[in-house]
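Structural description and commentary
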Amino acid sequence: MENDLKLKLEQLHQRVDALKDQINTEEATKNAFVMPFIQAIGYDIFNPTEVIPEYICDIGTKKGEKIDYVIKKDGAPVLIIECKHWKESVDAHNSQLHRYYHVSKSRFGVLTNGLVYNFYADLERPNIMDDKPFFTLELANLKDSSIRLLEKFTKNGYNLMGILDSAEDLKYIKAIRNEFEKELKDPSDELVKLLVNRFFDKSLTASRLNSFKEYTKRALSNAINESINFRLKNALNINEKNPSKQEPREVAPVDENPEGLKWITTEEEIEGSQIVKAILREVVPATRIAFRDTQSYFGILLDDNNRKPLARLHFNFSKKYLELFHRGKDNGERKLLASLDDIYQYRKELLATADHYQQKNETEEPSNER
């Protein structure tokens, strides 16, 4: 079921990406983007007792107030949805949804522009919608964890207690992560003092505090980079004993990256590189296939040599590309991928690239004969 939902959302994203420049109104956004989303999570958009558009929700003396959509299951409202034009930010318009929330008797509210869906609950105070969403779904950046949670909102998989449990976890994990990211970018005096006072027994003057703030930023960045590299090597089963002809990997000194971590290796990059590796192992030993993640792409190299690129994965944007190098490094060719399985379509090109480098090595190696 989860895979079916992911496929539907990926197809919806392709639709949104293709049509959005032609969508000029909020009403068109609802019809073209939001209604297909409601349908994707299993609700009958043609059943007015299940998906109710323009639901009247009187608030005090204000009569005729309307919510864009109310979704009901077994006659009870389970979700209210307020929509904005796709060009508008969904982070700046939750006051209207906030007013409707307690009147609707739904436990969950959604504010969306058809591209991003912010999910709200009442975790802080009963019947009063929280100011911040506990869950955000981006069609351009679908994650397996997001799909699993969204599954609990579907008609067949609706699970109130399961959502509430997940909502509290996500809300506070997200808040802690946001604070941690702030500390990575600009460590606070409180954090610096907490860490430094454990090993530095002298008084912290203003000058020393500034110095230790910079040391803390570099230390945190270095620790996270090392942790990611360690996990990546384990995930990809990289052999630390490189072949004798392999060039040493270029590693930037810690001081050269004082701004902190700038990219993270994703699950899709790992999965995609494993597919490429499986193909290349037909002609190349696994120990000769190396990986380098950069801010722009995930590189796959022969002998960890940047002059021998086998392929690159460009997965940092909504559209995913495989870059091939069968005509040499300076003439890489990008291929659009609808899914990771499309990589198998380029087996012939990948093998040809590996074979090209190996033949070149043989012709360039000096003869041992005298």
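Given the structure is predicted, the values throughout are model-derived calculations rather than measurements.

A few words on the confidence of the model for the protein chain. Taken as a whole, the protein chain shows an average pLDDT of 81; of its residues, 83% reach a score of 70 or greater. Low confidence marks residues 238-262, where pLDDT is under 50. Its contacts with residues over four positions away, or in another chain, come to 36 contacts.

Our focus in this paragraph is the sheet that holds strand β4 (residues 109-112). One open sheet holds the six strands; their spatial order is β1-β2-β3-β4-β5-β6, and the pairing between them is mixed. Only two strands of the sheet have a single partner each, and these edge strands are β1 (51-56) and β6 (135-138). For this sheet the average axis-to-axis angle between neighbouring strands, irrespective of direction, equals 25°. Two strands pair when backbone bridges link them, and strand β3 (residues 76-83) and β4 are joined in this way by four bridges, in the parallel orientation. By the bridge assignment for β4, E82 is matched with L111. Relative to the sheet, helix α4 (residues 144-151) contacts β5 (116-120) and β6, its axis offset from that of β6 by approximately 115°.

Moving on, we come to the packing of aromatic side chains. Tallying each qualifying case throughout the model produces 10 aromatic pairs. Where F291 meets F298, the ring centres are 5.8 Å apart and the plane angle is 45°; that geometry is what we call tilted. Take F298: its relative accessible area is 0%, and that puts it in the buried class. Pairwise contacts between aromatic rings join F108, F119, F134, F135 and F153 into one cluster. Between R312 and the ring centre of Y297, over which it is positioned, the NZ or CZ distance is 4.1 Å.

Let's shift gears to the nonpolar core. Of all hydrophobic cores here, the largest spans 40 residues; its most connected members are L9, F37, I38, I81, F119, F134 and L150. Those elements that place two or more of their residues in this core are α1 (2-19), α2 (26-40), β2 (66-73), β3, β5, β6, α4 and α5 (160-185). Among the elements that line this core, the one with the most residues is α2, at seven residues. Aside from chain neighbours lying at most four places away, what touches L150 is L5, L9, F37, I41, F119 and L137. V284, A311, L337 and Y346 belong to the second largest nonpolar core, which has 25 residues in total.

Once that is clear, we can look at unusual backbone geometry. Even without glycine at this site, D303 takes up a positive phi of about 60°. Inspection of the secondary structure puts D303 in the loop between β8 (298-302) and β9 (309-314). The backbone of D304 sits at a positive phi, close to 55°, despite the residue not being glycine. In this fold, D304 is placed in the loop between β8 and β9.

Moving on to the pattern of salt bridges. All told, the structure shown has 18 salt bridges when counted by the stated rule. Close ionic contact of R107 with D122 constitutes a salt bridge, the shortest N to O distance being 2.9 Å. Residue R107 is located in the loop between α3 (94-104) and β4, and its partner D122 is located in the loop between β5 and β6; the two are separated by 15 residues in the primary sequence. Under the relative-accessibility criterion, R107 is labelled partly exposed at 31%. Residue classification places D122 among the buried positions, given a relative accessible area of 8%. Salt-bridge contacts for R177 lead to E181; the nearest nitrogen and oxygen are separated by 3.0 Å. One end of the pair, R177, and the other, E181, are both in helix α5, four residues apart, so they sit about a helical turn from each other. Judged by its relative accessible area of 48%, R177 falls in the partly exposed class. A network of salt bridges, in which partner residues are shared, links E27, K30, E54 and D68.

Let us now look at the pairing of β8. Along β8, five of the five residues are buried, which leaves the element largely enclosed by surrounding structure. Relative to β8, strand β7 (residues 289-293) is paired through five bridges, and the arrangement is antiparallel. For A290, the partnering residue across the bridge sits in β8 and is L301. Pairing between β8 and β9: four bridges, direction antiparallel. Opposite I300, over in β9, you have A311 as the bridge partner. Here β8 hands over to β9 after six residues, with D303 in that stretch at a positive phi of 60°.

For H13, the location among the structural elements is in helix α1. Sequence-distant contacts of H13, defined by excluding residues within four places in its chain, comprise L139, A140 and S318.

To continue, consider the sheet that holds strand β10 (residues 320-324). Two pairing modes exist for strands in a sheet, parallel and antiparallel, and in both the strands are linked by backbone hydrogen bonds. Sheet architecture is open: five strands sit in the order β7-β8-β9-β10-β11, paired in antiparallel fashion. Bordering the open sheet on either side are β7 and β11 (333-337), each of which pairs with just one other strand. Neighbour to neighbour, the strand axes of the sheet diverge by 20° on average, direction disregarded.

Looking now at the environment of Q14. Within the fold, Q14 resides in helix α1. Distance in space between the C-alpha atoms of Q14 and L139 is 9.1 Å, their sequence separation being 125 residues.

Each value, and the rule that gives it
- Within any chain, residue numbers begin from 1 and follow the written order of that chain's sequence.
- In keeping with the model being predicted, local features are shown solely for residues with a pLDDT of at least 70 and side-chain atom pairs are shown and tallied solely at 80 or more, while totals for entire chains, interfaces and linings include all residues.
- Based on all heavy atoms of the structure, the side-chain values leave hydrogens and waters out of the count.
- Each residue gets a pLDDT score, which is the predictor's confidence in that residue and runs from 0 to 100.
- Note on definitions: a residue-residue contact is assigned when non-hydrogen atoms from the two residues lie within 4.5 Å.
- Any two strands between which DSSP finds at least two bridges are classified as paired.
- Put simply, DSSP H or I for four residues or longer makes a helix, DSSP E for two residues or longer makes a strand, and each gets a number counted from the N terminus.
- Here an angle of 0 to 180 degrees is reported between the N-to-C directions of two axes, which are lines fitted to C-alpha atoms, with helices fitted over the stretch in contact.
- Two rings from Phe, Tyr or Trp (for Trp, the six-membered ring) form a pair when their centres sit within 6.5 Å of each other. Planes less than 30 degrees apart are called stacked, planes more than 60 degrees apart edge-to-face, and all others tilted.
- Under the scheme applied here, a residue whose accessible area is under 20% of the maximum for its type counts as buried, over 50% as exposed, and between as partly exposed, the area being computed with a 1.4 Å probe on protein chains only.
- Working rule: Lys NZ or Arg CZ, within 6 Å of ring centre, within 35 degrees of ring normal, means a charge sits over the ring.
- To define a nonpolar core, start from buried Ala, Val, Leu, Ile, Met, Phe, Trp, Tyr and Cys residues and group those joined through side-chain atoms within 4.5 Å.
- Just to be clear on terms, a salt bridge is a Lys or Arg side-chain nitrogen sitting within 4 Å of an Asp or Glu carboxyl oxygen.

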